[in-house]
Amino acid sequence: LPDTIEVIGRDAFVLMRSLTDICLPSSVKTIDRGAFYYCSNLSQITIPENVQTIGVNCFTYCTSLRQVQVLGDELKTVGRSAFSRCEKLQSINLPASLKTIERQAFFRTALRTVRIPGNCVVEGEAFLYNNSLKKLVFEDRTNENNMFIQSYAFGYCTNLAKVYFPKESVGFQIPAAAFEGCTK
């Protein structure tokens, strides 16, 4: 791809099952809705340092995707169902700049450990049915904004055994059903 592209457009590579690897240029700021939807053989991706938004359903059903490397500290939003049903996804680093993880962003992935940035909102069902998730770390806040998670954000993560909250928990809001069905 040319190094002048700023947006990977809506449905740009949708259903490209032959796509196994792609190098996104550092000029990219947005990966739009459904850009890599159902690229079932894509195994890893590096998100360039200037990307601010990973769009709705961006990588949904990328069933071979194992690793996502986010470069830089510009990412603000992981869109609704962005990595939904990436059932082999084991690793993603979420930068401190992240403000919102939208609904079902990581629904049914294989993430084992997740570090939530300190000023991030985790919407309902964001990590629903992540049966491989064993450890969850909420990092310390870097400003006065409240951090909160919504209902079922980590629902039915049946192997979740360790949850670490920030030292300073003032303004930290957890609804009763945030960890519904977490049996460990």
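Note: the structure precedes this text.
This text gives an overview of the structure that appears in the document. (Residues numbered from 1 in each chain as written. Predicted model: local features only at pLDDT ≥ 70, side-chain atom pairs only at ≥ 80, totals over all residues. Heavy atoms only, no water.)

**A few points about the nonpolar core**
By size, the foremost hydrophobic cluster in this structure holds 50 residues, and its most contacted members are Phe36, Phe59, Phe83, Ile101, Phe106 and Phe154. For this core, the secondary-structure elements that each account for two or more residues are strand E3 (44-47), strand E5 (67-70), strand E9 (113-116) and strand E11 (135-138). (Core = buried A, V, L, I, M, F, W, Y, C linked by side-chain atoms within 4.5 Å. Buried < 20%, exposed > 50% of the residue type's maximum accessible area, 1.4 Å probe, protein only. Helix = DSSP H or I, 4+ residues; strand = E, 2+ residues; numbered from the N terminus.)

**Topic: the pattern of salt bridges**
Applying the stated rule across the entire model yields three salt bridges. Where arginine 103 meets glutamate 125, a salt bridge forms, and the shortest distance between an N and an O atom there is 3.5 Å. Of the two residues, arginine 103 sits in the loop between strand E8 (100-101) and E9 while glutamate 125 sits in the loop between strand E10 (121-122) and E11, which places them 22 residues apart along the sequence. A salt bridge links arginine 115 to glutamate 139; its shortest N-O distance comes to 3.0 Å. With arginine 115 in strand E9 and glutamate 139 in the loop between E11 and strand E12 (148-149), this pair connects stretches of sequence that are 24 residues apart. Owing to a relative accessible area of 45%, arginine 115 belongs among the partly exposed residues under this scheme. A residue is classified by how much of its surface remains accessible, and glutamate 139, at 25% relative accessible area, is partly exposed. (Salt bridge = Lys/Arg side-chain N within 4 Å of Asp/Glu carboxyl O.)

**A word on the pairing of E5**
Side chains of E5 alternate between two faces, with Val68 and Val70 buried and Gln67 and Gln69 left unburied. Here E3 runs beside E5; their pairing, made up of four bridges, is parallel. What sits directly across from threonine 46, in E5, is glutamine 69. In this structure, E5 lies alongside strand E7 (residues 91-92), joined through two bridges in parallel fashion. (Pairing = 2+ DSSP bridges.)

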